[in-house]
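Letter by letter, the chains look like this.
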Amino acid sequence: MARLNSSEDLERLRREILARRDPKKPCVAVCAGTGCLASGAADVVAAFRRELDARGLADKVALRGTGCHGFCEKGPIVVLDPEETCYLQATPADVPEIIEKSLMGKEVVERLLYVDPQTKEKTVREPDIPFYKHQKRMVFGPNRKLDPRNIEDYLAIGGYRALARALFERTPEQVILEVKESRLRGRGGAGFLTGVKWEFARRAAGKPKYVVVNCDEGDPGAYMDRSLMEGNPHAVLEGLLIGAYAIGAHEGFFYVRQEYPLAVENLGIALRQAEEHGLLGKNILGSDFDFTAQVHRGAGAFVCGEETALLASLEGQAGEPKPRPPYPAVKGLWGKPTNINNVETWANVPLILNEGAAAFAAIGTAGSKGTKIFSLVGKIANTGLVEVPMGLPLRDVVFKIGGGIPGGRKFKAMQTGGPSGGCIPEELLDLPVGFDELTRAGSMMGSGGMIVMDEDTCMVDVARYFVDFLTEESCGKCVPCREGLRQMHRILTRITKGEGHEGDLETLQQLAETAQEASLCALGRTAPNPFLSTLRYFRDEYEAHIREKRCPALSCKALIHYWIDPAKCRACMLCLRKCPTQAIDGGKQRIHVIDQAKCTNCGTCFEVCPAKFGAVRKLSGVPVPPPIPEEQRTLVRARKQDE
Amino acid sequence: MDIQKVDQIIDKHGAEASALIQVLLEIQRENHWLPQEALARVAERLRVPASRIRHIATFYKAFSLVPKGRHEVHVCVGTACHVRGATRILDTLQDATGILPGETDAELKFSLETVNCLGCCALGPVMVVDGKTHGKLSPAAAADALKSYE
Ligand SMILES: Cc1cc2nc3c(=O)[nH]c(=O)nc-3n(C[C@H](O)[C@H](O)[C@H](O)COP(=O)(O)O)c2cc1C
Ligand code: SF4
């Protein structure tokens, strides 16, 4: 590949690529993101390759393994372009039929279409599916259109045009001004204004300067950074290059969790291809701007997502946070001015230069501009990655996009902001998505985890879960964080075991206050949020655990008992066979009874009992009824339809 | 572990002290744990004190200072999997293997680990055994899945 030595070269190559491509040529885009791969997407891609070859169609149909499309619930996903026909949960066995009907003919394979759970109506085209229809996919949308391992795909959709614009039509100061005017705020958690941060780094004395991509993504319920990195690494790189030019940096680092091997791999390929094209290295696009980038894998420590800890880790040290100021912009990597942004923040930058700051700032609320990608997970019908404009009510995210709660259960709360965030109850669901809005509600935007919880989720247990997570992840430098969290975890664990007592909530609140005030880094300072927000909105659940030894969600293992309702048991023997501890007594025609002494509360019986019987029940806060007398245990089959 | 292999990894990173974590990650990936002789070699060639290497190897969760079992079981305990019942999966696997997270059984058959979010939340609760994903698990299905490993 000849390197590109000017903006004109870039546009010429783009025209060549587009000329080579027939927009009418059918293209099969199979999602090959981590989620779909886990549900078998690689086999679907292989089946397409094999079947297209066998039919001599390899030249007539393009086949593309893409990054994550977002609709992970229904993976593996196959989209046929240019019609945008969307097939869900496709398997290799479906491939011949797809090829024959939809590629060779103009028919649709009905059974693979999206079916509305309520109306049973089918949707053919991807953009018409409710999950996609209510999103605004400015940053995440291109994922579906490109093979992340082929730079030509990125160039075909206008890639690196924003970089050329910055290098040849803007001074660094103008770029900074534009990013400032867009009012883009960092997507990594704190929501600091990106342009302002860049300006600090530009103005800071000292050379060289560094730029860093934070792809540590520690929030244990979020994977949008990974999906961007896997699916569209060039967009992140382009943003980074523009930022480096604006700040005056010539060296950059991608800090990627080692748990994300595919992201590391695709990023490596992207860097190599960019270099071959003269988009990385010396005299980028023939300008006098030089830039090199390295990939650094994180080694598994949540605290390393914190910027000062991340820098320590980049230097080969243990990732322990340092007091700020000095901020990294002044004294960062190797003591030099350093600018760190989150993956999604960087990926927004090319957009701002392409569309203009005003267009970007026109989307969103007063304080939050543009879109945000969320990972909508937990007790939600449509698990996946969703990108929505700031300002969209949370209710629309959960119900219009997410399809509501599966299994006819009731929404209880939404957890946002990861371990530093909090829970938002039903009555606040009309809250618009935005940094300040979420903070006011006692939660935060964080990196974009949105975990939906239903009536079966215990809020005390959720608080315990996050405190447990952070106790493990505290670097141990400050006592209020290290010891305070450990203490909070002990008390919360006791409460979920039914061993809580009066005064526990007050002690927890004191510990929370101390951690908030006296911790060095934001891990410790925000660690009490999950506890405080659940206490604020779900105090009754805490009190039920402490006073009545009852878990209202019927979730805390130590506070529940499984019991078979003799009036409902049809003696089908399913639970009896599946019980791992042989705690169930019964037989053909004999109503089953759980031996409470042997039961370990694993819940298997509850899960396997056929829904039409629903005989196994969870009890909490009430005594288990005594087993029915032996002589009444013989099942009298009254009517045939009971079977 | 073959010391030559360790040397190759070190050379790849130009024997730079700042590459310590990257070097250890590669040894870990190659060998599944960090044997003493490998660490001694790293200390010598990168010219970093053994105490700092110990600190790094214990600070970061990716590293193991003891040998791993033939099969590595990673149970996702991310938030999405947690609210979908990951704790019960973990409890069942602990019973089935007789070990706690972070441990390896005496026959070196299984190592049990917890991980925070594997990024396939739609399949939760999830575990990964030797790189293969098992999704939408019930406690019984998780225990059954382990039975197919020798
Ligand atoms: C404990 C802790 C963990 C963090 N983890 C991440 C992370 O995984 N990814 C990230 O981008 N920022 C994370 N941050 C925020 C970073 O410190 C920093 O604010 C961010 O990378 C700045 O980028 P932005 O301005 O683009 O958001 C974390 C902060 C703390 C205190
Ligand atoms: S607050 Fe916690 S994680 Fe942060 S520096 Fe202190 S001990 Fe470490």
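Owing to the predicted nature of the structure, the values given are computational and were not obtained by experimental measurement. (Residues numbered from 1 in each chain as written. Chains lettered and ligands numbered in written order. Predicted model: local features only at pLDDT ≥ 70, side-chain atom pairs only at ≥ 80, totals over all residues. Heavy atoms only, no water.)

1. Considering the domain arrangement of chain A
And step 1. Domain parsing of chain A yields domain 1 (24-81 + 85-124), domain 2 (151-361), domain 3 (371-457), domain 4 (460-547) and domain 5 (557-641).
And step 2. If you average the C-alpha positions of domain 1 of chain A and of domain 4 of chain A, the two centres end up 47 Å apart. (Domains from an automatic or database assignment.)

2. Things to note about the interface of chain B and chain A
And step 1. Facing 37 residues of chain B, the contacting portion of chain A comprises 52 residues.
And step 2. Of the roughly 3500 Å² buried between chain B and chain A, counting both surfaces, carbon and sulfur atoms make up 54%.
And step 3. Of all residues in chain B, Phe 59, Thr 79 and Val 83 of chain B bury the most surface against chain A, accounting for 17% of the area lost on that side.
And step 4. In this assembly, chain B and chain A are joined by five salt bridges.
And step 5. Among the secondary structure elements, those contributing two or more residues to the side of chain B that touches chain A are helix H2 (20-31), helix H4 (50-59), helix H5 (79-83), helix H6 (86-97) and helix H7 (139-147) of chain B.
And step 6. Here the side of chain B that touches chain A gets six residues from one element, more than from any other, and that element is H2 of chain B. (Contact = heavy atoms within 4.5 Å. Buried area = accessible area lost by both parts, 1.4 Å probe. Salt bridge = Lys/Arg side-chain N within 4 Å of Asp/Glu carboxyl O. Helix = DSSP H or I, 4+ residues; strand = E, 2+ residues; numbered from the N terminus.)

3. Re unusual backbone geometry
Residue and element names in this part refer to chain A.
And step 1. Omega for the peptide link from Asp 81 to Pro 82 comes to 5°, which places this bond in the cis form.
And step 2. For Pro 82, the location among the structural elements is in the loop between strand E3 (78-81) and strand E4 (85-87).
And step 3. A cis amide bond links Lys 207 to the next residue, Pro 208, at an omega of -10°.
And step 4. Within the element layout of this structure, Pro 208 appears in the loop between helix H9 (194-203) and strand E7 (210-215).
And step 5. Of note in the backbone geometry, Lys 549 takes a positive phi value of approximately 50° without being a glycine.

4. Considering the sheet that holds strand E2 (residues 62-66) of chain A
Paired through their backbone hydrogen bonds, the strands of a sheet run either parallel or antiparallel.
Residue and element names in this part refer to chain A.
And step 1. Reading across the sheet, the four strands line up as E2-E1-E3-E4 and stay open at both edges, with mixed pairing between neighbours. Only two strands of the sheet have a single partner each, and these edge strands are E2 and E4. In this sheet, adjacent strand axes meet at a mean angle of 20° when their direction is disregarded.
And step 2. The sheet contacts of helix H3 (residues 41-54) involve strand E1 (27-31), E2 and E3, and relative to E1 the element is tilted by about 160°.
And step 3. Across the face of the sheet, helix H4 (residues 95-104) comes into contact with E1, E3 and E4 while running at roughly 25° to E3. (Pairing = 2+ DSSP bridges. Axes fitted to C-alpha atoms, helices over the stretch in contact; angles between N-to-C directions.)

5. Overview of the site of ligand 1
Residue and element names in this part refer to chain A.
And step 1. Taken together, 19 residues sit near ligand 1, with Gly 188, Lys 197, Asn 341, Asn 342 and Thr 345 positioned nearest.
And step 2. Asn 214 is positioned such that a nitrogen or oxygen atom in its side chain is 2.9 Å from an oxygen atom of ligand 1.
And step 3. Within the contact set of ligand 1, a nitrogen atom lies 3.2 Å away from a backbone nitrogen or oxygen of Gly 305.
And step 4. Notes on ligand 1: free accessible area 610 Å², of which the protein chains cover 91%.
And step 5. Of all the secondary structure elements, the ones that give two or more residues to the shell around ligand 1 are strand E10 (338-342) and helix H21 (522-526).
And step 6. In terms of residue count, the dominant contributor to the shell around ligand 1 is E10 (three residues). (Near = heavy atom within 4 Å. Polar contact = N/O pair within 3.5 Å; in protein donor to acceptor, adjacent residues only side chain to side chain. Areas by Shrake-Rupley, 256 points an atom, 1.4 Å probe, with all protein chains shown as cover.)

6. Quick look at the pattern of salt bridges
Residues and elements named next belong to chain A.
And step 1. Counted by the stated rule, this structure contains 62 salt bridges over all chains.
And step 2. One salt bridge connects Lys 106 with Glu 83, and the closest N-O pair in it is separated by 3.2 Å. In this pair, Lys 106 sits in the loop between H4 and strand E5 (114-115) while Glu 83 sits in the loop between E3 and E4, placing the two residues 23 residues apart along the sequence.
And step 3. Take Lys 106: its relative accessible area is 69%, and that puts it in the exposed class.
And step 4. Look at Glu 83 and you get partly exposed, because its relative accessible area is 35%.
And step 5. One salt bridge in this structure joins Lys 101 and Glu 97, with 3.1 Å as the shortest N-O distance. One end of the pair is Lys 101 and the other is Glu 97, both in helix H4 and four residues apart, which spans about a single turn.
And step 6. Bridged by salt links that share partners, the residues Asp 81, Glu 84, Arg 125, Glu 126, Asp 128, Arg 144 and Lys 145 form one connected network. (Buried < 20%, exposed > 50% of the residue type's maximum accessible area, 1.4 Å probe, protein only.)

7. Details of the sheet that holds strand E12 (residues 384-389) of chain A
All names here are of chain A.
And step 1. The strand order across the open sheet built from five strands is E12-E11-E15-E13-E14, with neighbouring strands paired in mixed fashion. Only two strands of the sheet have a single neighbouring strand rather than two, namely E12 and strand E14 (422-425). Taking each pair of neighbouring strands and ignoring which way they run, the sheet shows an average axis angle of 30°.
And step 2. Pairing analysis gives four bridges linking strand E11 (residues 371-378) to strand E15 (residues 449-454), with the strands arranged parallel. For Val 377, the partnering residue across the bridge sits in E15 and is Ile 451.
And step 3. Each of E11, E12 and E15 is contacted by helix H10 (residues 224-231), which is oriented at about 115° to E11, the strand it contacts most.
And step 4. Relative to E14, helix H22 (residues 529-547) is tilted by about 35°, and along the sheet it contacts strand E13 (411-416) and E14.

8. Brief notes about the pairing of E15 of chain A
Residue and element names in this part refer to chain A.
And step 1. For E15, the buried fraction is high: six of the six residues fall into the buried class.
And step 2. For E13 and E15, the ladder comprises five bridges, and the chain directions are antiparallel. Bridge assignment links Phe 411 to a residue of E15, and that residue is Asp 454.

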